Amino acid sequence: MNEFSYLFLLFLFLTTATQLWLSWRQQAHVAAHRPKVPEAFSGMLSLEQHHKAADYTITKVRFGRLELFLGLALLLILTLGGGLNWADKQLVALGHSELVTGTLVIVAVTLFSSIVSIPAALYSTFVIEERFGFNNSTMATFWLDRLKGLVLSLLIGVPLVMAVLWVMQSLGEYWWITAWVAPA
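In this numbering scheme, every chain counts its residues from 1 along its sequence in written order. Note on the predicted model: pLDDT of at least 70 is required for a residue's local features to be given, and 80 or more for side-chain atom pairs to be given and counted; whole-chain, interface and lining totals, by contrast, use all residues. Each side-chain value is worked out from all heavy atoms of the structure, with water and hydrogens disregarded.

Colleague: So what exactly am I meant to see when it comes to the packing of aromatic side chains here?
Modeller: Two measures describe an aromatic ring pair: the distance that separates the ring centres and the angle between the ring planes. Note on aromatic contacts: the rings of Phe and Tyr and the six-membered ring of Trp form a pair at centre separations within 6.5 Å, being stacked when their planes are under 30 degrees apart, edge-to-face when over 60 apart, and tilted otherwise. This model, assessed by the stated rule, comprises five aromatic pairs. Aromatic side chains Y56 and F134 sit 4.6 Å apart centroid to centroid with 80° between the ring planes, which places their arrangement in the edge-to-face category. With a gap of 78 residues between them, Y56 in helix α2 (residues 47–78) and F134 in the loop between α4 (98–131) and α5 (139–171) connect regions that are remote in the sequence. A simple rule labels every residue: compare its accessible area, found with a 1.4 Å probe on the protein chains alone, to the largest value its type can have, and call it buried under 20%, exposed over 50%, or partly exposed in between. A relative accessible area of 32% places F134 in the partly exposed class. Between F63 and Y123, the ring centres sit 5.1 Å apart and the planes meet at 35°, which makes this aromatic pair tilted. With F63 in helix α2 and Y123 in helix α4, the pair connects residues that are 60 residues apart, well separated along the chain. On the basis of relative accessibility, which here comes to 12%, the residue F63 falls in the buried class. On the accessibility criterion, Y123 (37% relative accessible area) is partly exposed. These aromatic residues form a ring-pair network of at least three members: Y56, F132 and F134. Strands are runs of DSSP state E lasting at least 2 residues, helices are runs of H or I lasting at least 4, and numbering of each runs from the N terminus.

The quantities given are spatial measurements derived from coordinates; they are silent on function.
Structure (structure tokens):
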């Protein structure tokens, strides 16, 4: 590992620690205010509805921490674990241009990440939301929504990724200066 890897790990640790701290604070705040409906909602919510909403929020926050660690593991596998490098080598072997290969790498990693996130999305929708009576989805609509998202991502994302990679390739090693100055 080099200095950049250590710096990456440091920022990853700080980011994760901050997200966990905020998660625990939110859970503690919701739990502390669970016994009484807030003044602003006293005429709109019953105590039972408020308890249900608080319990749902606490459950979602706890599950969010599990998702945070799963996402962290995936990120470490893709970066320091060599997953991105492996995907790049496999796709370079196909013999396409740098632009096409770069786009394929990004699409492949994004698709892989989306597939890995499906079990958590299923659990969140069909277990947690179902338990609290908030699920309005069916298995068919869940998969149809995923398919629509995939199609939209490909239709919008692929040309955008290709444009960004083309700009980076065209401007050489100082592309980032143009990217930084351009929005101003």
